[in-house]
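For reference, the chains in residue letters:
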Amino acid sequence: MFLKEVSFLNVRKIKIFSEKFSKHTTIITGNNGAGKTTILEAVFFLLTAKSFRKKYRTSIIQKGQEELKIKGTIKEKEDILQIEYKNRKKRILKNNKQLFKTSDLLKETSVVCISPEEENVINSYTSKKLKYFDKILFKAQPEYTKTIREYNKLLNIRNTLLEENKDTAPWDEQIIKKGLSIWKERKKLFKEIEEKIIEVQKEIKNEKKYSITYKKTETKNEKEYIQELTKNKFTTSYGPHKDKILFFIDSEPLEEHGSQGEKKLFRYILKLAEAVFLFSRKKEKPILLLDDFFAKLDDENIMKIFSYFHRKFQTIITTTDIKETPAYESIKKESKKEIKHIFLND
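So, here is what we can say about the structure in this document. (Residues numbered from 1 in each chain as written. Predicted model: local features only at pLDDT ≥ 70, side-chain atom pairs only at ≥ 80, totals over all residues. Heavy atoms only, no water.)

1. With respect to the sheet that holds strand E12 (residues 287-290)
Part 1: Strand order in the open sheet formed by five strands is E8-E12-E13-E3-E14, with parallel pairing between adjacent strands. Only two strands of the sheet have a single partner each, and these edge strands are strand E8 (111-114) and strand E14 (339-344). Along the sheet, successive strands turn relative to each other by an average axial angle of 15°, direction set aside.
Part 2: By the bridge criterion, five bridges tie strand E3 (residues 25-30) to strand E13 (residues 315-319) in an arrangement that is parallel. Bridge pairing in E13 links Thr26 to Ile316. (Pairing = 2+ DSSP bridges. Helix = DSSP H or I, 4+ residues; strand = E, 2+ residues; numbered from the N terminus. Axes fitted to C-alpha atoms, helices over the stretch in contact; angles between N-to-C directions.)

2. As for a negative patch on the surface
Part 1: Residues Asp250, Glu252, Glu255 and Glu256 make up a contiguous surface patch of negative charge.
Part 2: Within the secondary structure layout, Glu255 lies in helix H7 (residues 254-257). (Patch = residues over 30% accessible without salt bridge, like charges linked within 9 Å, V, L, I, M, F, W, Y side chains within 5 Å. Areas by Shrake-Rupley, 256 points an atom, 1.4 Å probe, with all protein chains shown as cover. Salt bridge = Lys/Arg side-chain N within 4 Å of Asp/Glu carboxyl O. Lys, Arg positive; Asp, Glu negative; His and termini not counted. Charge placed at Lys NZ, Arg CZ, Asp CG, Glu CD.)

3. Things to note about helix H4 (residues 144-163)
Quick reminder: α-helices carry 3.6 residues per turn. Residues three or four places apart thus point the same way.
Part 1: The terminal C-alpha atoms of H4, which comprises 20 residues, lie 29 Å apart, in line with the 28 Å expected from a rise of 1.5 Å per residue.
Part 2: Within H4 the residues assigned to the buried category are Tyr144, Thr145, Thr147, Ile148, Tyr151, Leu154, Leu155, Arg158, Asn159, Leu161 and Leu162.
Part 3: Among the structural elements, helix H3 (126-140), helix H5 (169-204) and helix H6 (222-229) are those in contact with the buried residues of H4.
Part 4: Positive backbone phi, at 60°, marks Asn165, one or two positions downstream of H4. (Expected span 1.5 Å × (residues − 1). Buried < 20%, exposed > 50% of the residue type's maximum accessible area, 1.4 Å probe, protein only. Contact = heavy atoms within 4.5 Å.)

4. What to know about the packing of H3 against H5
Part 1: Running from N to C, H3 and H5 point in directions that differ by 90°, and their axes come no closer than 11 Å. Put simply, H3 runs roughly perpendicular to H5. Contacts from Leu130, Phe133, Asp134, Ile136 and Leu137 in H3 reach Glu185, Arg186, Leu189, Phe190 and Ile193 in H5.
Part 2: Counted by class, the contact of H3 with H5 contains seven nonpolar, no polar and three charged residues. (Parallel < 35°, antiparallel > 145°, perpendicular 65-115°, else oblique. Nonpolar A, V, L, I, M, F, W, Y, C, P; charged D, E, K, R; others polar.)

5. Quick notes on the environment of Leu270
Part 1: Here Leu270 is to be found in helix H8 (residues 260-282).
Part 2: With 73 residues separating them along the chain, Leu270 and Phe343 place their C-alpha atoms 29 Å apart.

6. Looking at the environment of Phe279
Part 1: Tracing the backbone shows Phe279 in helix H8.
Part 2: Residue classification places Phe279 among the partly exposed residues on the basis of a relative accessible area of 34%.
Part 3: Separated by 169 residues in the primary sequence, Phe279 and Ser110 place their C-alpha atoms 8.5 Å from one another.
Part 4: Beyond its immediate chain neighbours, meaning those up to four positions away, Phe279 contacts Glu284, Lys285 and Pro286.

7. With respect to a positive patch on the surface
Part 1: Together, Lys50, Lys90, Lys101, Lys128, Lys131, Lys135, Lys146 and Arg149 give the surface a local cluster of positive charge.
Part 2: Listing elements by their share of the positive patch, those giving two or more residues are H3 and H4.
Part 3: Considering every element that reaches the positive patch, the biggest residue donor is H3, with three residues.
Part 4: Mapped onto the fold, Lys128 is located in helix H3.

8. Focus on the packing of aromatic side chains
The geometry of an aromatic ring pair comes down to the distance between the two centres and the angle between the two planes.
Part 1: Under the defined criterion, the tally for this structure stands at 15 aromatic pairs.
Part 2: Arranged with centres 6.0 Å apart and planes meeting at 75°, the rings of Trp183 and Tyr238 form a pair that is edge-to-face. Of this pair, Trp183 sits in helix H5 while Tyr238 is found in the loop between H6 and strand E10 (244-249), placing the two residues 55 residues apart along the sequence.
Part 3: Residue Tyr238 is classed as buried on the basis of its relative accessible area, which comes to 10%.
Part 4: Taking 4.4 Å as the distance between ring centres and 15° as the angle between the ring planes, the aromatic pair formed by Phe190 and Tyr214 counts as stacked. Here Phe190 is found in helix H5, whereas its partner Tyr214 is found in strand E9 (residues 210-215), with 24 residues between them in sequence. The same class applies to Phe190 and to Tyr214, which are both buried.
Part 5: One aromatic cluster is present, formed by Tyr132, Phe133, Phe190, Tyr210, Tyr214, Phe247 and Phe266 through successive ring pairs.
Part 6: Here the guanidinium or amino end of Lys312 rests over the ring plane of Tyr308, the centre of that ring lying 4.3 Å away. (Phe/Tyr/Trp six-rings, centres within 6.5 Å; stacked < 30°, edge-to-face > 60°. Lys NZ or Arg CZ within 6 Å of the ring centre and 35° of its normal.)

So, in structure tokens, the structure goes:
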């Protein structure tokens, strides 16, 4: 997809903003606090109805204001997407017709974002890692959102019953069906993501090899599931919520053996793999949002990542200062007509 332009009102510290984007790469620069990340957040919010920031997600509307509006034009069909927030109520519109579910919006859009303000998946707890990859599935299969929501609801009910020493049998059959469905979809997801990670690494000619291992406690049938589920009489210790995800660099645990630069490079490779995965599933190229792109990556890796996504995906980048970045000089020489530069004043 291609986001031709975006305009918004009262998003965090920016009162009003309107700008068109390059179909290839747009670089937004400005001092710290100028609002660069806010622009990416507004775009992400428009396309997903959620913020990518792990903190202050409830305060996207400008302080002291009661109304927020974000509007964007999708080039392929000239569709107009709009999100309004007023009197604590959110409305999502496509061509002035209301979309009543976030899943309906996700069917229309595709976006991948990487930002220092996101949850760091490498150092996250297991539950956060599972949530990270489930969100990728939400984008590819919006209906999967309902499956996860229902499973978590059933899990809470079952654990409450166990705490009160009550019978869980009426709920066990339901949670088993949802659990098996989640395992089925996650298995397909990780198989594809692992393939895409290999594909990305091969193209950027990365020397060290990153990999993912998905450890699931999947059973073959409902009979085995119920046997495992009912072993623990105090809590639900079996099911897809207990799955584990491990990251490796040259067969060693990435969290323990990877440098900060290697971890950041992996996060980019993982995001690029996500973008390729979404393209293969939805047959529509996602927009990439790269916040603080030039930070903590050396010039060689910056060029590797840039060379991969440029011309493949529409990309919007933020950075504090590009003049002091040697990699940008190389990028500028290669792509004079394909990069738009937006500078934000304080």
